[in-house]
Amino acid sequence: MTLLLDILSTAAILFIVATGLLAIFGVLKIINFAHGAWLTVGAYCTVVTNELGLNPWFALLLAFVTGAVLGALTERFIVRPLYRRPLDAILATWGLGIVIGQLITLWFGRDVHFTPALLPGTLDVLDTGYSLYRLFAVGAALAIGLGFAFLLEGTRLGLSAQAVIMNENLARALGMDTEKIRLATFMIGTGLAALAGVLLAPLTSVDPNMGVAWLTGAFMLVMVAGTSFGALAVACLVFGAAQVLVSTFLSPILGGITVAVLCAITLRIRPKGFARA
């Protein structure tokens, strides 16, 4: 039972980390290599909340709003002029991630911070004691997935975003404001990245470079999933299970590279990934 719960919670964490990146890639067709930096910003929102003695749950709202506002500035002044030059956009967001990391270092220093779990303790699941916070992560992943399903299928923004994904020129010809759709999507993506940082903070140490370690896995998962959140959930479950099994029965070091390696193999065999499987 513990192994099964580890697989579910690991898949949930991977999904939470990669969701914001997929949201931006699906609509904007740009890989946001500053994703790790936004995640780090979110984690430091938790640090600030704790240092100020505020309710730790406030960090979730603070991180999402901070990520969304910074994302809006990034989209308007850095990414928007580069939509027709995707390689330049990738390089620009990569450079932005480095700058953000350095600014965080100047402000907070290089010290490693540790934050308490939002829900401490354990919960018995079929007579097995398991981390309550990791179970909360599973619930959070489900909530994010259902929230995106509603956003895409039940709101005007979601339907407009789907139109942009399928044919942006036609969407523009039909009178849709594609610039606002792109801006809103980028803000949601960066806000979710920062939110993921808050949820990750209790599971790992917080330092200025923490997001870099998660960027590669998130990037590979998005490449496998394409523009489908359903495919992303499947990829996270499959590769998350592989990571847990390798870490448990072989080596945690090998487990740390399992997701990236298996994603690379999958893309070699099926270049379109899970979305067209």
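Residues numbered from 1 in each chain as written. Predicted model: local features only at pLDDT ≥ 70, side-chain atom pairs only at ≥ 80, totals over all residues. Heavy atoms only, no water.

Peer 1: Explain the overall build of the protein residue by residue, including any values.
Peer 2: Each helix and strand counted, the protein has eleven helices and two strands in total. Reading the secondary structure of the protein in the N-to-C direction produces α-α-α-α-β-β-α-α-α-α-α-α-α. Relative to a compact globule of 277 residues, whose C-alpha radius of gyration would be 19 Å, the protein shows 18 Å and is just as compact. C-alpha extents for the protein along the principal axes are approximately 60 × 45 × 35 Å. Per-residue burial for the protein yields a buried fraction of 47% across its 277 residues. (Helix = DSSP H or I, 4+ residues; strand = E, 2+ residues; numbered from the N terminus. Rg over C-alpha atoms; globule rule 2.2 N^0.38 Å. Buried < 20%, exposed > 50% of the residue type's maximum accessible area, 1.4 Å probe, protein only.)

Peer 1: Could you give an account of the packing of aromatic side chains, naming the residues involved and the relevant values?
Peer 2: Going through the model one piece at a time under the given rule, you end up with five aromatic pairs. An angle of 70° between the planes, with centres 5.6 Å apart, marks the rings of F33 and W94 as edge-to-face. Note that F33 is positioned in the loop between α1 (2-28) and α2 (35-51) and W94 in helix α4 (residues 86-108), a separation of 61 residues in sequence. The exposure class of F33 is buried, given its relative accessible area of 18%. Classification of W94 as partly exposed rests on a relative accessible area of 45%. (Phe/Tyr/Trp six-rings, centres within 6.5 Å; stacked < 30°, edge-to-face > 60°.)

Peer 1: I'd like a rundown of the pattern of salt bridges, residues and numbers included.
Peer 2: Per the counting criterion, the structure on display carries three salt bridges. R80 is paired through a salt bridge with E75; the nearest N and O atoms lie 2.9 Å apart. For E75, a relative accessible area of 0% puts it in the buried group. Notably, a salt bridge pairs E179 with R80, separated by 3.6 Å at the nearest N-O pair. On the criterion of sequence distance, the pair formed by E179 in helix α8 (residues 178-200) and R80 in the loop between α3 (58-79) and α4 is long-range, its members being 99 residues apart. Residues joined in a network through salt bridges with shared partners are E75, R80 and E179. (Salt bridge = Lys/Arg side-chain N within 4 Å of Asp/Glu carboxyl O.)

Peer 1: An account of the pairing of strand β1 (residues 122-125) is needed here, citing residue identities and associated values.
Peer 2: Bridge count for β1 against strand β2 (residues 128-131) is four bridges, and the pairing is antiparallel. Along β2, the bridge assignment pairs T122 with S131. Linking β1 to β2, which pair antiparallel, is a turn of two residues; within it L126 sits at a positive phi near 55°. (Pairing = 2+ DSSP bridges.)

Peer 1: Let's hear about the side chain of T93: which residues, and what values?
Peer 2: Looking at the secondary structure, you find T93 in helix α4. Judged by relative accessible area, T93 falls into the buried class, the value being 0%. Beyond its immediate chain neighbours, meaning those up to four positions away, T93 contacts I31, N32, F33, A34 and V79. (Contact = heavy atoms within 4.5 Å.)

Peer 1: Quick rundown of the packing of helix α9 (residues 210-225) against helix α10 (residues 229-249)? Include the residues and the values.
Peer 2: Any two packed helices are characterised by how steeply their axes cross, that is the angle between the axes, and by the distance between the axes. It is at 8 Å that the axes of α9 and α10 come closest, and there the two elements cross at 125°. Considering the angle they form, α9 stands oblique to α10. Where α9 crosses over α10, the two elements pack in a sense that is right-handed. Of α10, the residues touching α9 (which contributes L221, V224 and A225) are A231, L232, A235, C236 and F239. When grouped by side-chain class, the residues that make up the contact of α9 with α10 number eight nonpolar, no polar and no charged. (Axes fitted to C-alpha atoms, helices over the stretch in contact; angles between N-to-C directions. Parallel < 35°, antiparallel > 145°, perpendicular 65-115°, else oblique. Left-handed = near helix turned anticlockwise from the far one by under 90°. Nonpolar A, V, L, I, M, F, W, Y, C, P; charged D, E, K, R; others polar.)

Peer 1: I'd love a proper account of the packing of α10 against helix α11 (residues 252-269), names of residues and values included.
Peer 2: Look at α10 against α11: their axes get within 8 Å of each other, and the N-to-C directions meet at 145°. The handedness of the crossing between α10 and α11 comes out as right-handed. Residue-level contacts link F239, A242, Q243, V246 and S247 of α10 to P252, L254, G255, T258, V259, L262, C263 and T266 of α11.

Peer 1: Just give me the short version of the side chain of T185, but keep the residues and values in it.
Peer 2: Take T185: it is sitting in helix α8. A distance of 2.8 Å separates the side chain of T185 from the backbone oxygen of I181, its partner in a polar contact. Excluding its chain neighbours within four sequence positions, the residues that come into contact with T185 are A23, I24, V27 and L28. (Polar contact = N/O pair within 3.5 Å; in protein donor to acceptor, adjacent residues only side chain to side chain.)

Peer 1: Hey, could you go over a nonpolar patch on the surface for me, with residue numbers and the actual values?
Peer 2: There is a patch of nonpolar side chains on the surface, built from L52, L54, F58, L61, F64, V65, V69, L70, L73 and F77 and spanning about 910 Å² of accessible area. Within the secondary structure, F58 sits in helix α3. (Patch = residues over 30% accessible without salt bridge, like charges linked within 9 Å, V, L, I, M, F, W, Y side chains within 5 Å. Areas by Shrake-Rupley, 256 points an atom, 1.4 Å probe, with all protein chains shown as cover.)

Nothing here speaks to function; it is all geometry.
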